[in-house]
Amino acid sequence: MTASRKSMGLHLGVLVVLAALFFILPPYHTGNMARIMVLAIYAMGYNFLFGYTGLLSLGHALFFAAGMYGFGMTVTQLGLPVPVAFAFGILAAAVVSLFIGLLALRTSGVAFMIVTLMFAQAGYLTILYFGEYTRGDEGFVIKQAQRTVAGIDLTSEGGRYGAAFILFAICFLLLARLVQSPFGRTLIAIRENEERTRMLGYDATRLKLQAIVVSGAVSGMGGATYALLFGYVGATFATVQYSIFPLLWVLLGGAGTTVGPLIGVLFMFYLIDISSSYTDAYMLIAGVVLVLLTMFAPQGLAGELRKRVMPWLP
């Protein structure tokens, strides 16, 4: 069996398992899995830039928040239909990422990381400044009646899980295809040796800008999906904390692997969920586990699988 067929089988198998879990797990865990799939969309967007292009960003919370506010404000304040507002949220994140990419790519390395962090913080302060419209730290709730598509109530258990699964599957399969395309292979070449890639005639700056826009749009889709399915939009999601989370998820799951973001979100979500049921010091437990994983599985869980068992893992 060729590597491409193995890859397709793996991705379809993951989706089959996720679909089956809805009929197996109790309601509490199906709700958790819906949230995990939504956050995994965000992590996949981050992984496309960091894992495959080699650009370390600390400002992705801005893209997540742009998608969230782009959807939330248009559906509540302008009364746009859910599909139109959802598309607007993704477009808002793409436009913001294009603008930031044009400026941030004037730098590289640590400077790029700092610039993206500064832009994200500026975005957070902008949300607070226009609190009359954004409701600032308090945020706002999207009514149940505004979270319905084609007569399907997305606040119900089945509606929420189904929508999360469909949107996750779309991103999962499209990004899996994209990273194995010539465009994705070129991004990997830039990550490994940018100067050599330039010598071969590729416009590395243009390709990195395209990667930032794709990454920002997918991350924005994660934010819009979160607002749609869980009905809350708040400035908390634009803080530095939500720029650090996707980095941790990707490092845990395996940077530069298509299944790594899902594994990282799933692992960290349940690590905190289980440890918090035993002690108030659950973040200490999470920190110790993260340090141990970093020491003994430096390439992440999926990265170690690729290194030891599945070299064809994309």
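Quick summary incoming for the structure in this document.

Criteria and cut-off values
- Residues numbered from 1 in each chain as written.
- Predicted model: local features only at pLDDT ≥ 70, side-chain atom pairs only at ≥ 80, totals over all residues.
- Heavy atoms only, no water.
- Helix = DSSP H or I, 4+ residues; strand = E, 2+ residues; numbered from the N terminus.
- Buried < 20%, exposed > 50% of the residue type's maximum accessible area, 1.4 Å probe, protein only.
- Contact = heavy atoms within 4.5 Å.
- Areas by Shrake-Rupley, 256 points an atom, 1.4 Å probe, with all protein chains shown as cover.
- Lys, Arg positive; Asp, Glu negative; His and termini not counted.
- Charge placed at Lys NZ, Arg CZ, Asp CG, Glu CD.
- Patch = residues over 30% accessible without salt bridge, like charges linked within 9 Å, V, L, I, M, F, W, Y side chains within 5 Å.
- Salt bridge = Lys/Arg side-chain N within 4 Å of Asp/Glu carboxyl O.
- 1 Å grid on protein atoms, 1.4 Å probe; cavity = no way out; pocket = protein on both sides within 12 Å on 5 of 7 lines; lining within 4 Å.
- Points joined across faces, edges and corners; volume = space filled by probe spheres on them.
- Nonpolar A, V, L, I, M, F, W, Y, C, P; charged D, E, K, R; others polar.
- Expected span 1.5 Å × (residues − 1).
- Arc of directions from axis to C-beta.
- Axes fitted to C-alpha atoms, helices over the stretch in contact; angles between N-to-C directions.
- Phe/Tyr/Trp six-rings, centres within 6.5 Å; stacked < 30°, edge-to-face > 60°.
- Lys NZ or Arg CZ within 6 Å of the ring centre and 35° of its normal.

On a plain count of helices and strands, the protein comes out with 14 helices and four strands. Taken along the three principal axes of its C-alpha coordinates, the protein extends 55 × 45 × 40 Å. Residues counted as buried form 50% of the 314 residues belonging to the protein. Pairs at least 24 apart in sequence give 76% of the contacts found in the protein among residues at least 6 apart. Carbon and sulfur atoms provide 69% of the accessible area of the protein, an area that totals close to 14700 Å². Here the protein holds 18 positive side-chain charges and 12 negative ones, and the gap between their average locations is 12 Å.

A surface patch of nonpolar side chains, about 630 Å² in accessible area, is lined by Leu284, Val288, Val291, Leu292, Met295 and Phe296. For Leu292, the location among the structural elements is in helix H13 (residues 282-296). Given the relative accessible area of 42%, Leu292 is considered partly exposed.

Moving on to empty space enclosed by the protein. Scanning the entire structure with this criterion turns up two cavities of 30 Å³ or more. The space that makes up the largest cavity amounts to roughly 70 Å³. If you trace the largest cavity, you find it lined by Met44, Asn47, Phe48, Tyr52, Phe172, Leu175, Ala176, Val179, Thr257, Thr258 and Pro261. Sorting the residues of the lining of the largest cavity by element identifies helix H2 (27-53) and helix H7 (157-179) as the ones contributing at least two each. When its residues are assigned to classes, the lining of the largest cavity shows eight nonpolar, three polar and no charged. Of the volumes computed, that of the second largest cavity is approximately 40 Å³. Taken together, the elements giving at least two residues each to the lining of the second largest cavity come down to helix H3 (60-77), helix H4 (82-104) and helix H5 (110-129).

Let us now look at helix H1 (residues 3-24). If you check H1, its first and last C-alpha atoms are 31 Å apart, about what 22 residues at 1.5 Å a residue would give, namely 32 Å. Residues of H1 that are buried include every one of Ser7, His11, Val14, Leu15 and Leu18, and no others. Angular distribution of buried residues about the axis of H1 spans 85 degrees; they occupy a single face of the element. Away from its buried face, by an angle of more than 90 degrees, H1 presents the exposed residues Arg5, Val16, Phe23 and Ile24. Of the surrounding secondary structure, the elements contacted by the buried residues of H1 are H2, H7 and helix H12 (260-276).

When two helices pack together, their arrangement is given by the angle between the helix axes and the distance between those axes. Relative orientation of the contacting elements H3 and H5 amounts to 30 degrees, with a least axis distance of 9 Å. Here Leu62, Ala65 and Tyr69 of H3 come into contact with H5, specifically with Phe119, Ala120, Gly123 and Ile127. Partitioning the contact of H3 with H5 into residue classes produces six nonpolar, one polar and no charged.

Enumeration according to the criterion identifies 21 aromatic pairs in this entry. Arranged with centres 5.3 Å apart and planes meeting at 80 degrees, the rings of Phe22 and Phe23 form a pair that is edge-to-face. Taking 6.1 Å as the distance between ring centres and 50 degrees as the angle between the ring planes, the aromatic pair formed by Phe64 and Phe237 counts as tilted. You can see Phe64 sitting in helix H3 and its partner Phe237 sitting in the loop between strand S4 (232-233) and helix H11 (241-253), a full 173 residues away along the chain. Exposure class is identical for Phe64 and Phe237. Each is buried. What links up through ring pairs into an aromatic cluster is the set Tyr42, Phe64, Tyr226, Phe230, Tyr232, Phe237, Tyr242, Phe245 and Trp249. When the ring centre of Phe230 is taken as reference, the NZ or CZ atom of Arg35 above it lies at 4.2 Å.

Relative to the helices and strands, Leu128 resides in helix H5. Separated by 107 residues in sequence, Leu128 and Ala235 place their C-alpha atoms 7.2 Å apart. The contacts of Leu128, once residues within four sequence positions are left out, are Gly136, Asp137 and Ala235.

Glancing now at the pattern of salt bridges. Enumeration over the complete set of coordinates arrives at six salt bridges. Ionic pairing is found between Arg191 and Glu192, a salt bridge with its closest N-O pair at 2.8 Å. Given a relative accessible area of 32%, Arg191 falls into the partly exposed group. The class of Glu192 is exposed, set by a relative accessible area of 57%. Here Glu304 and Arg308 are joined by a salt bridge, their closest N and O atoms 3.0 Å apart. Remark: Arg308 and Glu304 occur in helix H14 (residues 300-308); sequence separation between them is four residues, near one turn of the helix. Residues joined in a network through salt bridges with shared partners are Glu194, Arg198 and Lys208.

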